[in-house]
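The lines below spell out each chain.
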Amino acid sequence: MAASMFRPAASFLSKFQFSLRSTNRLIVPGQTVVVVPALVQQQQIREKHNRKLNIKWRRERRAKVFKMNLPNTDDQRKQRNMSMEEQRSEMKKKGILPPRTFQERPINISCSNEINKPYAPPEGDGRQSLISVPGVKQRYTQVEKKGKSILAIRKIKQYDDDFNSRDFAEFAQESFRKVHELLQDYKNNEFELHDLVTEKAYPEMTEKLDLKTMRWKFIDTVEPPRVVQANTQDVMSKENLFAQVTVRLHTRQTLAIYDRFGRLMFGSESAVRDVLEYVVFEKHLSDEYGVWRIHGKIIPEWMPPRDNVRNTFRKPQLPEILPDDDEEAAVKEADVVVKDVPDSGTTPALAGA
C-alpha cells in the first residue's frame, strides 16, 4: 500500500528529472509526499548585459570599431642598428618603395618673390654735384632709362587712375616712416605691418630682431623723394600683373639697436646720419583690393661697408692649466744650475759689448 502511494511521486520525478537541490519536499501528515519544483531558486542578476537586441543597426555598429595596426617595436629596434644596405634589402623583401624627397616651395599669390629688374644706382649718387662731370653723366643715364619707366607708368594708370609719380613719392616716404616706427615693437604690430609690407619683405625686416630693442627716429628730409624707376611683370599669365616702383629716399635718421642685456650693439640714439635708400614698392594690379606695399630695398655694390656689430658674449670659465711633470723637472734643474754657479764677484759681460 505504501509503495503504491509513492508511485505517482516517483513517476513525477522521472518525468521532469528534478534534482533534490532544485526541489522542495512538502510532507503533510496523513497525506502522500508531493515533490514540488522550486520556483525561485536562481541567482539574481544585477548587471545589465551590453548586447544590442535591435539588429537594425548592426552593420553601423560594426563599422564604428575598426582594427588598428600597431607598430612593431621589435622591428623598429632592429632598424635602428641596420646599415643602409640592410635597410634597402629589408624594404625589398617587404615590397616597400623608398621614400621620395620633395623640394616644393610655398607659393604666395599676393606678391612676387623677387625684385624685377632692380634699379642700378649710379656711383656717387647723393655726393656728386649736378654741375660736375659725374653729375652730368648721372643725369644722362637717367634719361636713357626713363623711357621704359614711362611705359610702365602708363600701364599702371590703366589699372590705377589716381597714380601720380610726385604724389606717390610723398606717400612712399610716409609709408616708409610708419613701417620703421612699427618695427620697434613688431610682435604687437604684426597685422599692421602686413598691410604695409609684403610677405617677402616682412621676414627680411624682422630677421634677428628677436630679443633685441630697436630705437629709430626720423629727423627730416635732405632731398625730396622721387620715383627713379617703374616696371611691370606678369606671373603665370598675362592677366596676373604686378607693378614695382623704386623710390629714392634721402633722409636724416637715428638708429640704435640694443641686445637683450641692454648694451648698445649698433648705432646711436644721439648721432644723426644722412641715409640714402632705394626702396621698392609693389602692388598686385590684377587684384581689385591690391595696395602699394614695401617689397624690398636695393643696396648698391659701391656702398661702403657698415660698422661692425658689437656683440655681448659670456665669459667662459676655463679650467686651470697645471704644468706638466717634464716642465716642473726642467724648472728644478734650472734652479740647481743657477745655485751651483760660483759667485766671482764680477758681472758678466753683455753680448756685443
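Owing to the predicted nature of the structure, the values given are computational and were not obtained by experimental measurement. (Residues numbered from 1 in each chain as written. Predicted model: local features only at pLDDT ≥ 70, side-chain atom pairs only at ≥ 80, totals over all residues. Heavy atoms only, no water.)

## Quick word on the overall build of the chain
For the chain, the helix and strand inventory stands at nine helices and six strands. Here the chain holds 353 residues, and 24% of them are scored as buried. Counting contacts in the chain only where the partners sit at least 6 residues apart, residues at least 24 apart contribute 62% of the total. Carbon and sulfur atoms provide 54% of the accessible area of the chain, an area that totals close to 29200 Å². (Helix = DSSP H or I, 4+ residues; strand = E, 2+ residues; numbered from the N terminus. Buried < 20%, exposed > 50% of the residue type's maximum accessible area, 1.4 Å probe, protein only. Contact = heavy atoms within 4.5 Å. Areas by Shrake-Rupley, 256 points an atom, 1.4 Å probe, with all protein chains shown as cover.)

## A few points about the sheet that holds strand 3 (residues 213-234)
Within the open sheet, the four strands sit side by side as 3-4-5-6. Their pairing is antiparallel. Whereas interior strands pair on both sides, the edge strands pair on one side only; in this sheet they are strand 3 and strand 6 (293-298). Going across the sheet, the axis of each strand differs from the next one's by a mean of 30°, ignoring polarity. (Pairing = 2+ DSSP bridges. Axes fitted to C-alpha atoms, helices over the stretch in contact; angles between N-to-C directions.)

## A look at the packing of aromatic side chains
Summed over all chains, the structure comprises eight aromatic pairs. Between Phe163 and Trp292 the ring centres are 5.8 Å apart and the planes differ by 35°, which places this aromatic pair in the tilted class. One end of the pair, Phe163, is in the loop between helix 5 (133-159) and helix 6 (165-183); the other, Trp292, is in the loop between strand 5 (264-284) and strand 6, and 129 residues separate them in sequence. Between Phe168 and Phe171, the aromatic rings sit 5.9 Å apart at their centres with planes inclined by 45°, giving tilted as the arrangement. Here Phe168 and its partner Phe171 are both found in helix 6, three residues apart, which amounts to about one turn of the helix. (Phe/Tyr/Trp six-rings, centres within 6.5 Å; stacked < 30°, edge-to-face > 60°.)

## What to know about the nonpolar core
Grouped together as the largest cluster of nonpolar side chains are 30 residues, with contacts concentrated most on Val245, Phe281 and Trp292. Taken together, the elements giving at least two residues each to this core come down to helix 5, helix 6, helix 7 (190-196), helix 8 (201-206), strand 3, strand 4 (241-258) and strand 5. Residue contributions to this core peak at six residues, all from helix 6. Other than its neighbours up to four places away in sequence, Trp292 contacts Ile156, Asp160, Phe163, Phe168, Phe171, Ala243, Val245, Phe281, Glu282 and Lys283. In terms of nonpolar packing, the next biggest core, distinct from the first, is built from six residues, Tyr119, Leu276, Tyr278 and Ile298 among them. (Core = buried A, V, L, I, M, F, W, Y, C linked by side-chain atoms within 4.5 Å.)

## What about the side chain of Arg248?
As for its position among the elements, Arg248 is in strand 4. A residue is classified by how much of its surface remains accessible, and Arg248, at 2% relative accessible area, is buried. A polar contact of 3.1 Å, which involves the side chain of Arg248, links it to the side chain of Glu223. (Polar contact = N/O pair within 3.5 Å; in protein donor to acceptor, adjacent residues only side chain to side chain.)

## Concerning the pairing of strand 4
Strand 4 sits mainly inside the fold: 15 of its 18 residues count as buried. Where strand 3 and strand 4 come together, 17 bridges link them in antiparallel fashion. Bridging across to strand 4, Thr213 finds its partner in Tyr258. The loop that links strand 4 with its antiparallel partner strand 5 comprises five residues; one of these, Gly262, has a positive phi angle of about 85°.

## As for the confidence of the model for the chain
Model confidence for the chain is summarised by a mean pLDDT of 77, while 71% of its residues fall at 70 or above. Taken element by element, the chain is modelled with least confidence in strand 1 (residues 23-26), mean pLDDT 46, and with most confidence in helix 6, mean pLDDT 93. Contacts for the low-pLDDT stretch residues 1-6, under 50 throughout, to residues beyond four places or in other chains number two contacts. Note that residues 8-28 has pLDDT below 50 and, in this model, 23 contacts with residues that lie over four places away or in other chains. (pLDDT = per-residue confidence, 0-100.)

## Digging into the environment of Thr232
With respect to the element layout, Thr232 can be found in strand 3. The exposure class of Thr232 is partly exposed, given its relative accessible area of 26%. Along the chain, Thr232 and Ile153 lie 79 residues apart, while their C-alpha atoms are 8.6 Å from each other. Setting aside chain neighbours within four positions, we find Thr232 in contact with Asn116, Ala152, Lys155, Ile156, Phe242, Ala243 and Leu285.

## So, a nonpolar patch on the surface
On the surface, a nonpolar cluster with roughly 430 Å² of combined accessible area is contributed by Phe66, Met68 and Leu70. Turning to its location among the elements, Phe66 is positioned in the loop between helix 2 (58-64) and helix 3 (73-80). Under the relative-accessibility criterion, Phe66 is labelled exposed at 63%. (Patch = residues over 30% accessible without salt bridge, like charges linked within 9 Å, V, L, I, M, F, W, Y side chains within 5 Å. Salt bridge = Lys/Arg side-chain N within 4 Å of Asp/Glu carboxyl O.)

## So, unusual backbone geometry
Even without a glycine there, the phi angle at Lys117 is positive, about 50°. Residue position: Lys117 is located in the loop between helix 4 (84-94) and helix 5. One non-glycine residue with positive phi stands out, namely Met236, at about 70°. Looking at the secondary structure, you find Met236 in the loop between strand 3 and strand 4.

## Quick word on helix 6
Between its terminal C-alpha atoms helix 6 stretches 27 Å, which fits the 27 Å expected from 19 residues at 1.5 Å a residue. Within the span of helix 6, buried status applies to Phe168, Ala169, Ala172, Gln173, Ser175, Phe176, Val179, His180, Leu182 and Leu183. Where helix 6 is buried, its residues meet helix 7, helix 8, strand 3, strand 4, strand 5 and strand 6. (Expected span 1.5 Å × (residues − 1).)

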